[in-house]
Amino acid sequence: MTEDDRRPEDDRRPDAVPDDPAGVGGLLAGLSPDRRDLFDLRVDRWWPDLLAGLRAVYPADQVDALSTRLLHAAAAGYAEREPDLHRLDQARTLAPDWFQRPGMLGYAAYADRFAGTLAGVAGQIPYLRELGVTYLHLMPLLAPRSGDSDGGYAVADYRTVRPDLGTVDDLRALTRSLRGAGISLVVDLVLNHVAREHAWAVAARAGDPHHRAYFHIFGDRTGPDAYERTLPEIFPDFAPGNFTHDQAAGGWVWTTFNAFQWDLNWANPDVFAEYAQIMLFLANAGVEVLRLDAIAFLWKRLGTNCQNQPEVHAITQALRALLRVACPGVLLKAEAIVAPGDLVQYLGQGRRHGRVSDLAYHNSLMVQVWSMLASRDVRLAVQALRRIPPVPASTAWITYLRCHDDIGWAIDDGDAGAVGLSGYGHRAFLSDFYSGAFPGTFARGLVFQANPATGDRRISGMAASLAGLDAALAAGDAGQVDLAVDRILLAYAIVLGWGGIPVLWMGDEIGAPSDPDWATEPGHQADNRWAHRPRLDPARQGQRHDPGTVPGRLFAGLRRLATVRASLVHLHAGTPAQVLAAADPGVLPVLHRHPQGDLLQLYNVTEQWRSWPGDRLAGYGLAGPGSATARDALTGDGAAPGGDGNLWLAPYRAVWLHGG
Ligand code: GLC
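All of these numbers come straight from a predicted model, not from anything done at the bench. (Residues numbered from 1 in each chain as written. Predicted model: local features only at pLDDT ≥ 70, side-chain atom pairs only at ≥ 80, totals over all residues. Heavy atoms only, no water.)

1. Details of unusual backbone geometry
Here comes step 1: In this model, Asp 150 sits at a positive phi of 55 degrees, which is unusual for a non-glycine residue.
Here comes step 2: Considering the arrangement of structural elements, one finds Asp 150 in the loop between strand 3 (142-144) and strand 4 (155-161).
Here comes step 3: Take Asp 150: its relative accessible area is 8%, and that puts it in the buried class. (Helix = DSSP H or I, 4+ residues; strand = E, 2+ residues; numbered from the N terminus. Buried < 20%, exposed > 50% of the residue type's maximum accessible area, 1.4 Å probe, protein only.)

Here you go:
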């Protein structure tokens, strides 16, 4: 059944929870009456969401068996949950906005590149706390296939930790230490595909029909050719096409990413049940946020690009309902790096409002920040960001300047056209600019996966390289170094000033450059994303308190942004960031309206002095008769228009104005 032909009343049908399905009562028998009662209350609360999600995806005759099986898994997970985690669930249920608060700050790293092992990560907790981190995303740490594993995104066993990082007990110990320090651990749940070496794929290749049905395997090219007509290529360079012939499987296997990453068939309810159990396992190991890797690709539909299909959101709704029953402290985060128009669905629109992922990456904001810095013009960003519909007040964006992946120029042709640009032309400009090819550019990035068919050229590189620091240091030009530091801090002011959870990718806080030796490690040669996945340099980290060094200036600047942010109620994720019309094409204005007063942020994205009309401050209660004088929260200073009636902003200056 598809989303479209579901009966509208499906969501509302008053289904009773089955009486003691599959012996759930027995599973809970060892618990206190209060805890048994709490489980029942949660089931009553979430059962309709679970059923509605499942019914939008699976035929009616499969839903009963699957929902009973899931309830059983939830009860087992609930019964096994440690007292400490149970207490966390209760605390979070009492403060459901815990992750939306302005004190949240994220950090993302590969455990080995950050600290060697999981035990080593615990040793870095003081560093994380110094920065103000409350959320730590450790990139894939579950056992991958050996050899090239796409940075760990080809998982061979979801219940084992990568042996060189430690064990599941070490993971439990780490989550306990992090929890004690007020830091939530985020772990990837790779659910679009498994490694070809995962037990399910091994069984499928050995001919087991039960496990063959976990995958999309075609006997000949008819199916693959039909799908390929409308499918894009994700890695056209090193993994062209979306299907791989596998001798053992006797056919063509769907492999959206690399040949060794086998896409799962989510139309099979057994796949759903397997992942539900993996999620409960990770939750009980103390993982607090599950990053739903490549979630956009989960559902395949002929004649489409097989991304963002409605079933993806129904599946997320059902998975979330299940977690809310067993472990409501756990959040879901959608990794959907998709076009602006598709993005908001991942936080819930229409009848899925507030029922799908709690968090999603704000890919559009990230792209627009780089676009503004290259063009020194905010008009495209204003157009694109204003067009993004509001998201549910119970959710939050993950804001970021860059991540461990490449940057793809997700710029909508319509948005570009509305401000007099060609979408194709602007994307080409950004690729030229950030790869260092554009005359006079400050950036020194690398082209990732040039696709001659579409003209797309994505970009790799650390923030320091893309924002001009590497080039300025290489040229020994102190003035350019200053500008680059200011540019990075300006970009991060936008990222931290948006609301939601800002995430720093390891190294940016100390201005780490792109890794010139990225290609020398086995398995990395063809994938220049490793240029922006360097190892933490202890010498650079050691300079963070020295204000005379670049690491010292960046570290102090970021800490200041995080500290000020934490003090501003306006930056709670439930208060949306509204982009205002530009007065000067070089100044991005963002407004947060809050019952305690307005916060008006102005960002000069150029290396010249730019202004904002003083009379526009009055509208926000920030100037004029009877109003408080505006104060810049970032410096604590008053901010009044000059004699010409304008508020002047220095190059790359950010101000966060409030009534004081
Ligand atoms: C996600 C990851 C990326 C990986 C892909 C396939 O997009 O962030 O690194 O290549 O999924 O798993």
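2. Considerations on the domain arrangement of the protein chain
Here comes step 1: Annotation of the protein chain at the domain level lists domain 1 (396-571) and domain 2 (580-659).
Here comes step 2: Centre-to-centre, using C-alpha coordinates, domain 1 lies 26 Å away from domain 2.
Here comes step 3: Counting residues at the interface gives 18 residues for domain 1, matched by 20 residues for domain 2.
Here comes step 4: Together, the buried faces of domain 1 and domain 2 total about 1600 Å²; carbon and sulfur atoms form 74% of this surface. (Domains from an automatic or database assignment. Contact = heavy atoms within 4.5 Å. Buried area = accessible area lost by both parts, 1.4 Å probe.)

3. Here we look at the packing of helix 2 (residues 33-55) against helix 3 (residues 60-80)
Here comes step 1: At a closest axis distance of 11 Å, the pairing of helix 2 and helix 3 adopts a crossing angle of 145 degrees. As for the relative orientation of helix 2 and helix 3, their crossing is right-handed in sense. Of the residues in helix 3, those touching helix 2 at Arg 35, Leu 38, Phe 39, Arg 42, Val 43, Trp 47, Leu 50, Leu 51, Leu 54 and Arg 55 are Val 63, Leu 66, Ser 67, Leu 70, Leu 71, Ala 74, Ala 75 and Tyr 78.
Here comes step 2: When the residues that make up the contact of helix 2 with helix 3 are grouped by side-chain class, the tally is 14 nonpolar, 1 polar and 3 charged. (Axes fitted to C-alpha atoms, helices over the stretch in contact; angles between N-to-C directions. Left-handed = near helix turned anticlockwise from the far one by under 90°. Nonpolar A, V, L, I, M, F, W, Y, C, P; charged D, E, K, R; others polar.)

4. Remarks on the site of the ligand
Here comes step 1: Taken together, Asp 150, Tyr 153, His 193, Phe 235, Phe 257, Gln 261, Arg 291, Asp 293, Glu 335, His 404, Asp 405 and Arg 529 make up the full set of residues near the ligand.
Here comes step 2: Between the ligand and Arg 529 there is a distance of 3.2 Å, counted from an oxygen atom to a side-chain nitrogen or oxygen.
Here comes step 3: For the ligand, whose unbound accessible area comes to 310 Å², protein coverage reaches 95%.
Here comes step 4: Split into classes, the residues belonging to the shell around the ligand amount to 3 nonpolar, 3 polar and 6 charged. (Near = heavy atom within 4 Å. Polar contact = N/O pair within 3.5 Å; in protein donor to acceptor, adjacent residues only side chain to side chain. Areas by Shrake-Rupley, 256 points an atom, 1.4 Å probe, with all protein chains shown as cover.)

5. Considering the nonpolar core
Here comes step 1: Membership of the largest hydrophobic core comes to 202 residues, with the highest contact counts inside it found for Tyr 107, Trp 266, Tyr 275, Trp 370, Tyr 434 and Trp 656.
Here comes step 2: No other element matches the 12 residues that helix 21 (residues 478-497) contributes to this core.
Here comes step 3: Inspection of this core shows a minimum of three residues originating in each of domain 1 (396-571) and domain 2 (580-659).
Here comes step 4: If you look at the next biggest cluster of nonpolar residues, it comprises 15 residues, including Leu 591, Leu 600, Leu 602 and Ala 623. (Core = buried A, V, L, I, M, F, W, Y, C linked by side-chain atoms within 4.5 Å.)

6. Comments concerning the pattern of salt bridges
Here comes step 1: The tally for this structure, following the rule as stated, stands at 41 salt bridges.
Here comes step 2: A salt bridge links Arg 221 to Asp 225, with the shortest nitrogen-to-oxygen separation between them at 3.0 Å.
Here comes step 3: The class for Asp 225 is partly exposed, based on a relative accessible area of 35%.
Here comes step 4: The closest approach of N and O atoms between Glu 335 and Arg 291, which form a salt bridge, is 3.4 Å. Of this pair, Glu 335 sits in the loop between strand 12 (331-334) and helix 14 (340-343) while Arg 291 sits in strand 11 (residues 289-293), placing them 44 residues apart in sequence. (Salt bridge = Lys/Arg side-chain N within 4 Å of Asp/Glu carboxyl O.)

7. Concerning the side chain of Ser 149
Here comes step 1: Among the secondary structure elements, Ser 149 is positioned in the loop between strand 3 and strand 4.
Here comes step 2: For Ser 149, a relative accessible area of 10% corresponds to the buried category.
Here comes step 3: Residues contacting Ser 149, with those up to four places away along its chain left out, are Pro 144, Ala 154 and Phe 260.

8. A closer look at the environment of Gly 638
Here comes step 1: In this fold, Gly 638 is placed in the loop between strand 22 (631-632) and strand 23 (646-649).
Here comes step 2: By relative accessible area, Gly 638 is classed as exposed at 52%.
Here comes step 3: For the pair formed by Gly 638 and Pro 595, sequence separation is 43 residues and the distance between their alpha carbons is 22 Å.
Here comes step 4: Those residues within four positions of Gly 638 in sequence are excluded, and the remaining contacts are Ala 630 and Arg 631.

9. A closer look at the pairing of strand 20 (residues 597-604)
Here comes step 1: For strand 20, the tally of buried residues reaches 7 of 8 residues, placing the bulk of the element in the interior.
Here comes step 2: Sheet topology note: the strand 19 (residues 587-594)/strand 20 ladder contains 8 bridges and is antiparallel. For Val 587, the partnering residue across the bridge sits in strand 20 and is Asn 604.
Here comes step 3: Sheet analysis places strand 20 next to strand 24 (residues 654-658), joined by 5 bridges and oriented antiparallel. By the bridge assignment, Leu 600 is partnered in strand 24 with Leu 657. (Pairing = 2+ DSSP bridges.)

10. What to know about the pairing of strand 2 (residues 135-138)
Here comes step 1: Of the two faces of strand 2, the one carrying Tyr 135 and His 137 and the one carrying Leu 136 and Leu 138 are both buried.
Here comes step 2: With 4 bridges connecting them, strand 1 (residues 106-109) and strand 2 associate as parallel partners. Bridged to Ala 108 within strand 2 is His 137.
Here comes step 3: Summarising the sheet, strand 2 and strand 5 (residues 184-190) pair through 4 bridges and their orientation is parallel. Across the sheet, residue Tyr 135 finds its bridge partner in strand 5, namely Ser 184.

11. Details of the sheet that holds strand 18 (residues 578-579)
Think of a sheet as strands paired side by side through backbone hydrogen bonds, with each pair either parallel or antiparallel.
Here comes step 1: If you walk across this open sheet you meet the 5 strands as 18-19-20-24-22, and the pairing is antiparallel. At either end of the open sheet lies a strand with only one pairing partner, and these are strand 18 and strand 22.
Here comes step 2: Of the pairings in the sheet, the one linking strand 22 to strand 24 comprises 2 bridges and is antiparallel in character. Looking across to strand 24, one finds that Asp 632 is bridged to Leu 657.

12. Description of the environment of Arg 113
Here comes step 1: By the element assignment, Arg 113 lies in helix 5 (residues 111-115).
Here comes step 2: Residue classification places Arg 113 among the buried residues on the basis of a relative accessible area of 6%.
Here comes step 3: Considered as a pair, Arg 113 and Pro 534 are 421 residues apart in the sequence and their alpha carbons are 6.9 Å apart.
Here comes step 4: Other than its neighbours up to four places away in sequence, Arg 113 contacts Met 506, Glu 521, His 524, Trp 530, Arg 533, Pro 534, Arg 535 and Leu 536.

13. Quick word on the sheet that holds strand 9 (residues 251-254)
Here comes step 1: A sheet is described by the order of its strands in space; here 3 strands give the open sequence 7-9-8, paired in antiparallel fashion. Two strands close off the open sheet at either side, each with one partner strand: strand 7 (217-218) and strand 8 (243-246).
Here comes step 2: The pairing of strand 7 with strand 9 spans 2 bridges and is antiparallel. Bridging across to strand 9, Phe 218 finds its partner in Trp 252.

14. Description of helix 2
Here comes step 1: Given a rise of 1.5 Å per residue, 23 residues ought to cover 33 Å, and the 32 Å separating the end C-alpha atoms of helix 2 matches this to within 8%.
Here comes step 2: At Trp 46, helix 2 shows its largest kink, close to 45 degrees, and the proline Pro 48 lies no more than four residues downstream. (Expected span 1.5 Å × (residues − 1). Bend = angle between axes of the 7 residues up to and from the residue.)

15. So, the side chain of Asp 632
Here comes step 1: Tracing the sequence through the fold places Asp 632 in strand 22.
Here comes step 2: Taking the relative accessible area as the measure of exposure, Asp 632 reaches 1% and is therefore buried.
Here comes step 3: Discounting chain neighbours no more than four positions away, the residues touching Asp 632 are Asp 637, Arg 653, Ala 654, Val 655, Trp 656 and Leu 657.

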